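Structural description and commentary
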Amino acid sequence: NGTGAYFWNLLATEHSMSEALSCGQQFFSINADDYPVFRDDTTQFLNHLLNLGILIDDTKAPTASGSDEKYLSIAGIHLKLIGNREIFPKEFDAFCCDENNEIHQTIEFYIGIPKAYYKGELLLKNNELTVVELDTEYAISFPTSPHLLELRLSKDGTHALFYCLPPYTEEYNYALFHAMRLVFLYLAQRKGMIALHSASILYREKAWLFSASSGTGKTTHTNLWKKLIEAPTLNGDLNLLAMQNNEPVVYGIPWCGTSETFTTRTYPLGGIILLKRAPADSITELTPDQKELYVNLRLISPSWTAELFDCNLRITQDIVEKICVCQLNCTKEDSAITTMKAWIDEQLAI
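Keep in mind that this is a model prediction, so the values were computed, not measured.

**Brief notes about the pattern of salt bridges**
All told, the structure shown has nine salt bridges when counted by the stated rule. As a salt-bridge pair, lysine 80 and glutamate 69 come within 3.6 Å of each other at their nearest N and O atoms. Of the two residues, lysine 80 is situated in strand β3 (residues 77–83) and glutamate 69 in strand β2 (residues 68–74); the sequence distance between them amounts to 11 residues. With a shortest N-O distance of 2.8 Å, lysine 155 and glutamate 133 are connected by a salt bridge. Residue lysine 155 is found in the loop between β8 (148–154) and β9 (159–164), and its partner glutamate 133 is found in strand β6 (residues 130–133); the two are separated by 22 residues along the sequence.

**Section: empty space enclosed by the protein**
Per the stated rule, a full pass over the model turns up one cavity of 30 Å³ or more. Each pocket or cavity is described by its volume, and for the largest cavity that value is around 40 Å³. Considering the residues around the largest cavity, the lining is formed by Leu234, Asn235, Asn239, Val250, Tyr251, Gly252, Ile253, Thr263, Arg265 and Tyr267. Residue assignment for the lining of the largest cavity shows that the elements contributing at least two residues are β13 (233–235) and β15 (247–251).

**Section: the packing of aromatic side chains**
To describe a pair of aromatic rings, you give the distance between the ring centres and the angle between the ring planes. Summed over the entire model, instances satisfying the criterion amount to 21 aromatic pairs. Plain terms: the ring middles of tyrosine 110 and tyrosine 163 are 5.9 Å apart, the flat faces sit at 40° to each other, and that makes the pair tilted. Here the residue tyrosine 110 occupies a position in strand β4 (residues 105–111), and tyrosine 163 occupies one in strand β9, the gap between them amounting to 53 residues. By way of ring pairs, the aromatic residues Tyr6, Phe7, Phe27, Phe28, Tyr35 and Phe38 are connected into one cluster.

**Thoughts on helix α3 (residues 35–51)**
Between its first and last C-alpha atoms α3 spans 24 Å; for 17 residues at 1.5 Å apiece the expected length is 24 Å, and the two agree. Every buried residue belonging to α3 is among Phe38, Thr42, Leu46 and Leu49, and all of these are buried. The buried residues of α3 all sit within an arc of 50° when viewed along its axis, so they share a single face. Relative to its buried face, α3 has exposed residues pointing more than 90 degrees away, namely Val37, Gln44 and Asn51. Trailing α3 by a residue or two, glycine 53 shows a phi angle of about 80°, which is positive.

What counts, and at which threshold
Per chain, the residues get numbers from 1 upward, laid out in the order the sequence is written. The predicted origin of the model limits local features to residues at a pLDDT of at least 70 and limits the giving and counting of side-chain atom pairs to 80 or more, whereas totals for whole chains, interfaces and linings rest on all residues. Side-chain numbers here rest on the full set of heavy atoms in the structure, without hydrogens or water. Definition used for salt bridges: Asp or Glu carboxyl oxygen within 4 Å of a side-chain nitrogen of Lys or Arg. Helix and strand definitions here come from DSSP, where helices need a minimum of 4 consecutive H or I residues and strands a minimum of 2 consecutive E residues; each element is numbered from the N-terminal end. A pocket, in this scheme, is an open set of points on a 1 Å grid over the protein atoms alone with protein on both sides within 12 Å along at least 5 of 7 lines, while a cavity is a set where a 1.4 Å probe fits but cannot get out; residues line either one if an atom lies within 4 Å of a point. Grid points are joined across faces, edges and corners, and a volume is the space filled by probe spheres set on the points. Note on aromatic pairs: the rings of Phe, Tyr and Trp (six-membered ring only in Trp) are paired at centre separations within 6.5 Å, and the planes decide the class, stacked below 30 degrees, edge-to-face beyond 60, tilted for the rest. To estimate the expected span of a helix, subtract one from its residue number and multiply by 1.5 Å. Per-residue accessibility, obtained with a 1.4 Å probe over protein chains only, is compared with the maximum for each type, and a residue is labelled buried under 20%, exposed over 50%, and partly exposed between these values. Working note: the arc is built from the helix axis to C-beta atom directions.

Put into structure tokens, the structure is as follows:
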């Protein structure tokens, strides 16, 4: 109704509950006798919006969700999680490590919303992510995850604060697990690593990555390698690449999409194969520029600033120069594996 619309527009700018009531009393000319009813009705309405998460009360300072600690080691990066143990995603269990390692990134979990910011530059806004640059950190929100209120990530990547709301449901934990991927990949990028949307297999002691847009057939293709060549899948959805001792490698990470297939180990990187559906199986050779461009298009490492984008380009260039990269025009038949295997074998023989 009109009263609700008034308060909705009023709270487009920040007001305390008492300020909102005072403004409403003046606007609607509420006398002293009617004020108690007006106050109770308005308070009930605003509390209802708070309970639905439509309004957020940031007048109360956030509180730590807990003091439990968990230590992880992923791709040589050591993380420390601080908060309620219920919050820590179980997907990290395979990467637990000793607490005596040097900590590269600390991630804390708080209940409530951080202090509001009034100045910042909007860097990215889409259906899944909003990134605002502040003086010393990024403020990041996740529109599809209502219980993840906000993430504050330091610009050096060493510290992250998640502000959230219980209850800690399975859906919430899943959303948090994927939000933490962004935090990790930001620091990993600063350490010379990039994340490629791809499925990977182990063949002839090297990792081979198959990258394509969702629905193209990465899973189908890697399953055929496992069936026909007995080549195990290393990760079903995401691979972390870097140069180690001047050689390209693939690090094991816990994020693997819905495949539930990942490894904790590190493998030499043999090559990247870009998949494209076709009526017949064939290999398309690529120029150096095409290799760099097509691989960059499949990265999910942060690129919301020019500096981050340039970093992705430099890392990609260093890696692509050392590996095999091609495009496989493929069917869903066994012949796709025969064609690809022959090309890989030929490259390794050179």
